[in-house]
Structures are given as C-alpha cells and as structure tokens.
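Each chain, letter by letter, is given below.
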Amino acid sequence: MIYLKLIWAYLKIGLFGFGGGYAMLSLIERIIVGNHWISEQTFTDIVAISQMTPGPIGINSATYIGYVAPGAVNPVFSSPLWGILGSVLCTLVVVVPSFLLTLYASHFISRHRESAYVKGVFTGLRPVVVGLIGSAALLLMNSANFGENTHDVALSIGICVASFVLVYFVKWHPILIIVLAGLAGLILF
C-alpha cells in the first residue's frame with residue numbers, strides 16, 4: 001500500500017536527513033523519484049513551490065508529495081481526501097523524528113556544551129552540511145530547471161543573475177522578484 005511506503009520513506013528522511021531542507025533534497029529525490037511516485041519534472045516543481053511558500057522545504061515537499069503520490073501511483077487514490085490523508089501522514093512522519101531527535105540533542109548538548117567531543121562533532125558536521133547543500137545545487141542543475149538547449153540555459157542564467165542583482169544590490173523585495181521571474185519564465189518559455 002502506498003501509504004505504508006510513504007510513511008517508511010519519510011521516516012527514513014526524517015531520521016537521516018540533517019542539515020536543513022536543501023541538504024535533504026538529494027535524499028528526498030532519490031527515494032521519491034527513484035520509486036517513480038513522481039517524475040523528475042514534478043520534483044523540480046515541488047522544490048520551486050516549496051521555496052516560495054512559508055515553512056521549511058522538507059516539510060512543504062512532504063506535504064505536497066503526500067498529496068500527489070497516492071493518486072499518481074493508483075488512480076483509486078486520486079480523490080482529494082486520499083491526498084489530504086497522504087499529506088498529513090507524510091508531514092507528521094517527517095516532522096516527529098526530527099522533533100524528537102532535536103529535543104534529545106538539545107538536552108544532551110546543553111549538558112555537555114563544553115565537551116571537546118561535542119565541539120568536535122559540530123566542527124566535523126559543518127563541511128558535511130555544506131557538501132549536502134552543494135549536492136542539492138547540483139541535483140537541481142538539470143534539464144527540467146534549465147531547459148534542453150543552449151538558448152534556454154542562457155535565458156535561465158540571465159533570469160537568475162538579474163534576480164540576484166535586483167535583490168542584493170538594488171534591494172528589491174524578494175517576493176516581487178519571485179513574481180517577476182515567474183512572469184519572465186512564462187513569457188520567455
């Protein structure tokens with residue numbers, strides 16, 4: 001049954017995905033797209049939507065994938081009520097392990113804050129998290145995001161550079177940039 005598979009998948013993601021949502025993206029993609037619950041294009045769209053909506057990307061993607069995966073796997077589960085059930089299950093399953101681990105870790109770290117071992121663990125985790133975020137960036141550099149020909153890639157890079165300049169140097173509000181980049185994509189592609 002798809003719901004048990006989703007629970008098992010998001011239990012693994014909740015337990016072993018650390019470093020934030022972007023660091024978890026490669027794990028989520030490997031499990032979700034690898035099982036053919038959604039396509040790579042849908043996964044890319046989910047990442048884009050999760051970035052624009054409030055909340056952590058891992059939780060937002062779990063909610064959306066929980067909604068669409070049951071209907072994509074079996075048309076019997078295409079009703080919105082089955083999708084809501086999948087959303088609630090995936091969201092809870094991805095949040096609860098992380099919440100419990102964080103609760104225990106914060107208690108442990110507060111007790112052993114000055115320990116050289118604890119400091120060493122955090123020093124060692126920093127490059128790992130940077131690597132996982134870099135892995136997510138490489139994962140998202142695909143034809144679904146940038147197009148298949150040189151012209152589409154150039155346009156995508158142009159929109160990205162223009163967005164960065166307008167946010168960082170001109171200080172335009174990021175929501176305005178998201179809307180304008182969406183309109184540019186709609187017009188150009």
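Residues numbered from 1 in each chain as written. Predicted model: local features only at pLDDT ≥ 70, side-chain atom pairs only at ≥ 80, totals over all residues. Heavy atoms only, no water.

Draft legend 1. View of the overall build of the protein chain. When you go through the protein chain residue by residue, the secondary structure sums to nine helices and zero strands. Start at the N end of the protein chain and walk to the C end: the helices and strands fall as α-α-α-α-α-α-α-α-α. With respect to the principal axes defined by its C-alpha atoms, the protein chain has extents near 55 × 50 × 25 Å. Here the protein chain holds 189 residues, and 28% of them are scored as buried. Sequence-distant contacts in the protein chain: of pairs separated by 6 or more residues, those separated by 24 or more amount to 58%. With the model as given, the accessible surface of the protein chain reaches about 11800 Å², and the carbon-plus-sulfur share is 73%. The centroid of the 8 positive side-chain charges in the protein chain is displaced by 21 Å from the centroid of its 6 negative side-chain charges. (Helix = DSSP H or I, 4+ residues; strand = E, 2+ residues; numbered from the N terminus. Buried < 20%, exposed > 50% of the residue type's maximum accessible area, 1.4 Å probe, protein only. Contact = heavy atoms within 4.5 Å. Areas by Shrake-Rupley, 256 points an atom, 1.4 Å probe, with all protein chains shown as cover. Lys, Arg positive; Asp, Glu negative; His and termini not counted. Charge placed at Lys NZ, Arg CZ, Asp CG, Glu CD.)

Draft legend 2. Quick look at the packing of helix α4 (residues 57–73) against helix α5 (residues 80–111). The contact between α4 and α5 brings their axes to 7 Å, and the two run at 145 degrees. Both α4 and α5 take part in a crossing whose hand is right-handed. Residues I59, A62, T63, G66, Y67 and P70 of α4 lie in contact with α5, whose contacting residues are P80, W82, G83, I84, G86, S87, C90, T91, V94 and V95. A breakdown of the residues in the contact of α4 with α5 according to their chemical character gives 10 nonpolar, six polar and no charged. (Axes fitted to C-alpha atoms, helices over the stretch in contact; angles between N-to-C directions. Left-handed = near helix turned anticlockwise from the far one by under 90°. Nonpolar A, V, L, I, M, F, W, Y, C, P; charged D, E, K, R; others polar.)

Draft legend 3. Here's a closer look at the packing of helix α2 (residues 21–32) against helix α6 (residues 116–139). Interaxial distance between α2 and α6 falls to 6 Å at its minimum, and their mutual angle equals 55 degrees. On the basis of the axis angle, α2 is oblique to α6. At the point where α2 passes α6, the crossing takes the left-handed sense. Across from Y22, A23, L25, S26 and E29 in α2, the residues of α6 making contact are L132, I133, S135, A136 and L139. Its residues assigned to classes, the contact of α2 with α6 shows seven nonpolar, two polar and one charged. (Parallel < 35°, antiparallel > 145°, perpendicular 65-115°, else oblique.)

Draft legend 4. The arrangement of helix α8 (residues 150–168) in detail. Given a rise of 1.5 Å per residue, 19 residues ought to cover 27 Å, and the 27 Å separating the end C-alpha atoms of α8 matches this to within 8%. Looking only at α8, the buried set comprises D152, S156, I159 and S163. Seen along its axis, α8 keeps its buried residues to an arc of 60 degrees; they face one direction. Pointing more than 90 degrees away from the buried face of α8 are the exposed residues T150 and H151. Between the side-chain oxygen of the N-cap and the backbone nitrogen of H151 there are 3.2 Å, and the N-cap of α8 in question is N149. (Expected span 1.5 Å × (residues − 1). Arc of directions from axis to C-beta. Polar contact = N/O pair within 3.5 Å; in protein donor to acceptor, adjacent residues only side chain to side chain.)

Draft legend 5. View of the packing of aromatic side chains. This model, assessed by the stated rule, comprises seven aromatic pairs. Aromatic side chains F164 and Y168 sit 5.3 Å apart centroid to centroid with 10 degrees between the ring planes, which places their arrangement in the stacked category. In this pair, F164 and Y168 are both assigned in helix α8, four residues apart and thus about one turn of the helix distant. Residue F164 is classed as partly exposed on the basis of its relative accessible area, which comes to 48%. By the ring-pair criterion, three or more aromatic residues cluster together here, those being Y3, F77 and W82. The ring of Y168 carries the charged tip of K171 above its face, separated from the ring centre by 5.3 Å. (Phe/Tyr/Trp six-rings, centres within 6.5 Å; stacked < 30°, edge-to-face > 60°. Lys NZ or Arg CZ within 6 Å of the ring centre and 35° of its normal.)

Draft legend 6. Structural view of the pattern of salt bridges. Taken as a whole and judged by the stated rule, the model has one salt bridge. Residue K119 is joined to E114 by a salt bridge in which the shortest nitrogen-to-oxygen separation is 3.6 Å. The class for K119 is partly exposed, based on a relative accessible area of 44%. You can call E114 exposed: its relative accessible area is 62%. (Salt bridge = Lys/Arg side-chain N within 4 Å of Asp/Glu carboxyl O.)

Draft legend 7. Structural view of unusual backbone geometry. The phi angle at H36 is positive, at roughly 60 degrees, despite the residue not being glycine. Take H36: it is sitting in the loop between α2 and α3 (40–52). Note on H36: relative accessible area 69%, which makes it exposed.

Function cannot be read off these values alone, since they describe shape.
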